[in-house]
Every structure is written in structure tokens, then in C-alpha cells.
Amino acid sequence: MSITVDIRKSLGAFTIDIWFECNAGVIALFGRSGAGKTSIIQMLAGLVSPDNGRIVIDGDPVYDSSTNLDTPPNKRGIGYVFQDARLFPHMNVRRNLEYGTRRNSETSERNPVFDEVVDVLALAPLLTRAPQGLSGGERQRVAIGRALLSAPKLLLMDEPLASLDAERKWEILPFIESIHREFATPIIYVSHSSDEILQIADEMVLIVNGGVAAAGPVEEVMNRPNLLRAAGDSNVGSVIPVVVDRCDDEYGIAALSFPGGEFQVTAPALLPGDRVRIRVRARDVSLATKRPQDVSLLNVFEGTVVEISNTGQPQADVSVNVGGATVWSQITRKSLDDLAIRPGSTVYAMIKAVAIDRPAGSP
Amino acid sequence: MFALSPLELEAVRLSLKVSVWAVSVSLPLGIAVAWLLARRDFPGKSLFDAIIHLPLVVPPVVIGYLLLVLFGRKGAVGAWLYDTFGITVAFSWQGAAVAAAVMAFPLMVRAIRLSIEAIDTRLEQAARTLGAGPLDVFFTITLPLTGSGIVVGVILAFARALGEFGATITFVSAIPGETTTLPIALYGLTQVPGQENSAIRLVVLSVIIAFVAMFVSELIARRVRRRISGA
């Protein structure tokens, strides 16, 4: 399944002009608040009409200004999980969940089974309750279940975790992951949190000022610090897919292998064989021109400098090729000159084990 | 003392009949107009709004007279009704119901409109994305959430219809057994010397009916509120 979005819409002084194509999976729309992410998925859902363009989902055009096609939202087969759950206050949880099922049972070939959805989202104890009595996290889970039970071809999620506190967020994220795994529903996930995206998304589309700044697999887009900064992310760095090699229970340290070697991180809740993505923030990576001796750092990698992007600010981004993987380091321009680091130089990238972000979940 | 005279019984029966018909027939129209005013913009909306509210601000006699001109046997609407269906509303209980409905209409529309305006339209958007068409959304989301406004509108309209006098007497006059609702019967009694006792009995009767109606409507309103809050 593929999704093609090519639309333009002017909203007062602000213009949305985007084109992207992506394949099934979990696709993240990432950008600052006000970049136009919500407007884009409202147009995908048919809640707002673009000025012109084309939207094709799984080969079916749902909007095409050249043929005056604008399928109404109820006929698009696109589920929508809103930032504010929007549960119907006059129905209990069960009736909220069933609202979409009754209306889509004939048209859809694959219907998620009510009991399965209730099971995956752990909704059983809530079924007879009123939406007003639910916590924010519970509400959002019901909203996700409700959208899922309408058997959508595509599920849109508009910052479903934004209104929750950090702890609840990490509670809901695994549910969203499991939805994609259990029901194989493609998801477009809007977020301004790169942590969330790192955990659940396969591809990402970077939205800056109503336009697409970059699109592609998460590892590729996240490895472009300048772009991410433009999209409002201050935690820029490298995202590296790794395999858990072994866990040292005595020290609570896991060894994660990647083409360039082995990361050692403090990693509870990881099992050997797990495939995860880790993020190494550029500002946590130091560089040395000689192999350091007697330091507490567990992660030291020899690599070659590929690129230095010097933004004219006191700091510069240096990308280091470590056995095929890219590790970004942010160091001062002063150090850059003192150590005479140039593209092609051999350097040692050093990262503290505790500074590495594991996408496995809670901090 | 508590046994009602045939005349009193008839006044009560007529009053209830006229009010119930007036409210129930105008309710669907009231909901439609309230929705139109709450949700749609169209040219001439303020004029339309003003016309709906006219019965609130002009003397009831004026409305009664306008109804007479329109619905009388020779009136624009009345002549058509008579020619096509053989119906005459002027000087009949149906006419009294029309007068009561017109007078009560703005109160009903106002209450329902406020409650439609209070509904979060984002809930309706959510229903659309779940596969519900516009009409489906109206009946499963908008209407149930308007419940309390509809109850309030019906109560106000019913109370207004029960008390309706000026437009009714102008339009359908006081025809015994046909249009002598409580207020009109009471007015008739006050015009005849020596009927003070009968007049008082009607006054007490009116108060009792009003109390019972308020009590019942409060019960209904409570139940609707409970249902909407989802308990």
C-alpha cells in the first residue's frame, strides 16, 4: 500500500504546499507546532478541502482537483485519532467503540474483531463506563480503539499523546506499536516529539513552514541534524539500528552491535536478539585525534570524518563514518581548529554509556 | 367542590389539546430552524431571525390579526387550504393551536438553538471520520446532545401555549366548545357580573395545571441530563 499526497492550501498568510509519497508502515509527520501538520492530516481525512492537488491512498484517489473529486470523510475509510480524544459524551465506552463498526461492517474486507481490539488496548474494564470518568490516557486508548474498529485503510493520529503527562505517554506508545503489529493498519502519526517517532515510526516526513523539508526512513532523516533543527528538534544526532548482543547482568550493561562495532549502554529490559534503534545525540559525542587512555568512557570508536557543517556559530556538526554507520558530533569550532579536524581525518568518537537514548521506552 | 363543571372540564381539555398539538407539530420545525440559525450562514439570516422572533416583541393582538388575514377563509393561505383540503383553521380549535404555536415558536427555537450552539462541532467531525454521513451524525450526535435544550424549549413553548390569549381571541374568537381554552373561558367569566366564584375556580385550576406541568417537565429534564452525561 502506498500513499501519495500532493496538495496546496492557503490559510490566510500561511500556505501549505506539500508533496510526499510513502509506503505502509508507521509514517511520522514531524515538525514544530504551527508547521501545518494538523492541517495536512485534516485534508487527508477530508475534514478540510485543499485548494488543489491530489491525494491517493492505496491506488484510490480520494481527492483530485483536476476531476473535482472530493470524497466526503465518511466515505474515505480513514480513521482519525484526535489530540483531544473526542469521545461521545452521551455514550458509554462500549457504544463509543461500536459507533464506527456498525457503519463500516459491509464495506470493509478486513474487520478488526471487537474482542481483539479490546484485548490489545486493555479496554475490558472500561466498557460500561462513561467517557467523563476516564483518565486522559484511558480516553486516548478508547479513541484509538474506536478509530481502529471502523476498519480504516489508514489510521491518522494527531499528536495522540500531546495532552498526556510523560509517564502516561510511555504507557500508550506500546499500545500504538502493537496496533500496527497486530492489525497491520498503516498509520500516519503526527508529532513534534522525536522520541515518540524514534520509538514507533518507520518513515518520517519533515514538515517545515507548510512544506516538506525531507522524507524517508527514520534513520536517514534523523541523521540530518540541520534539517531536524529547522523542524524544531534540539536533540539532534544519529539514529543507529542495532542488535542486542548480550546483557551483562552484574553491571546492568547491554552490548549492542552495529556494523562499526559495539555500543555499551545501560539497558534494563533488553533481551539478546532484540533489534532496536538507539539515538546518540551530537552534543554527547566528543572527538579525539588519538585513542584515549584510562577514561571512564565505554564507547570509543575509530572513524573517518566525512563532513563538517559549520553554521558560522560557535559550534559545528561533524559527521564521522564508523564502519558504515554515521555518528554525528557537535564540538566547538575552536576544538575543530585546535585539533585540525578536516574531512578525511581519522578521529575517535567517544560517547558515555549513560548518554545513549534507547528507544525501548521509559527513562 | 373538587368536581369540575362540564364547562371547566371542557376548558381544561381544550387547553391541553391545543397546547399539546401546538408544541408537538411545531417541534420538528423548531429543531430545523434552530439548527439553521445555529449552524448555517445564508443571505437574509438576520431578517429570518427577526421574523421568527416577531411574536415575542409585537403585541399578541397583532399576530392574531395577521393570522386572521393570512389564514381566514379569504386569506392567502386560508383560501388555499380550503380549496385544496377543505380545511378551515379560523374559528376552530386548530386555529387556536396555530395561534399558540406561532406565539410559542420563538421561545422554543431560542432554547434549542442555544443548546445546538453549545455542542462541540469537533464531536461531529469525529463521527464523520468514523463513517457517519451528515444525516446520521445529526440523529446520533447532534440531536441527542441537544436533548436538554429540546426539553427546555418544549417546556417553555408548552407554558406559553397554555397561557396564550391575545392572538387566540383575535384569530379564533371565543367559540364555546371549540376555542374556549382556560384563559379565554376565564376572560369570558370576568365579563359577566356574579361569576367571581367560577372565575376563581378557573384561576386555581390554571395554577394547578401549571404546577403539575412544571413538575413533570423537571423530571424529564433530569432524566435527559443524566442520559447525556452518560451515566
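Here is what the cut-offs are and how they apply
- Residues numbered from 1 in each chain as written.
- Chains lettered and ligands numbered in written order.
- Predicted model: local features only at pLDDT ≥ 70, side-chain atom pairs only at ≥ 80, totals over all residues.
- Contact = placed C-beta atoms within 7 Å.
- Helix = DSSP H or I, 4+ residues; strand = E, 2+ residues; numbered from the N terminus.
- Buried ≥ 20, exposed ≤ 12 C-beta atoms within 10 Å, placed from the backbone.
- Domains from an automatic or database assignment.
- Nonpolar A, V, L, I, M, F, W, Y, C, P; charged D, E, K, R; others polar.
- Axes fitted to C-alpha atoms, helices over the stretch in contact; angles between N-to-C directions.
- Parallel < 35°, antiparallel > 145°, perpendicular 65-115°, else oblique.
- Left-handed = near helix turned anticlockwise from the far one by under 90°.

1. Some thoughts on the interface of chain A and chain B
Here's step 1: Residue-level contacts link 23 residues of chain A with 18 residues of chain B.
Here's step 2: Counting only elements with at least two residues in the side of chain A that touches chain B, the list comes to β7 (78-81) and α2 (93-104) of chain A.
Here's step 3: Broken down by element, the side of chain A that touches chain B gets its largest block of residues, four residues, from α2(A).

2. Observations concerning helix α6 (residues 121-129) of chain B
Here's step 1: All of the buried residues along α6(B) are B:E124, B:Q125, B:A126, B:A127, B:R128 and B:T129.
Here's step 2: Tucked into the core, α6(B) has its buried residues touching α1 (37-45) and β7 of chain A together with α7 (134-163) of chain B.
Here's step 3: After α6(B) finishes, the residue B:G131 shows a positive phi value of roughly 105°.

3. A short note on the domain arrangement of chain A
All names here are of chain A.
Here's step 1: Considered domain by domain, chain A is made up of domain 1 (2-234) and domain 2 (238-355).
Here's step 2: Relative placement of domain 1 and domain 2: their C-alpha centres are 34 Å apart.
Here's step 3: Contact with domain 1, which involves seven residues of that partner, is made by 10 residues of domain 2.
Here's step 4: Elements represented by at least two residues in the side of domain 1 that touches domain 2 include exactly α7 (218-222) and α8 (225-230).
Here's step 5: Per-element tally for the side of domain 1 that touches domain 2: the top contributor is α7, with three residues.
Here's step 6: Tallied by class, the residues present in the side of domain 1 that touches domain 2 amount to four nonpolar, two polar and one charged.

4. Considering the packing of helix α1 (residues 6-39) of chain B against α7(B)
Residues and elements named next belong to chain B.
Here's step 1: Packing of α1 against α7 brings their axes to within 9 Å, and their N-to-C directions diverge by 140°. One way to sum up the angle between α1 and α7 is to call them oblique. Our pair here, α1 against α7, has a crossing hand that is right-handed. Contacts between α1 and α7 involve S15, V18, S19, A22, V23, L27, G30 and I31 from the first element and I150, G153, V154, A157, F158, A161 and L162 from the second.
Here's step 2: Class assignment for the residues of the contact of α1 with α7 results in 11 nonpolar, four polar and no charged.

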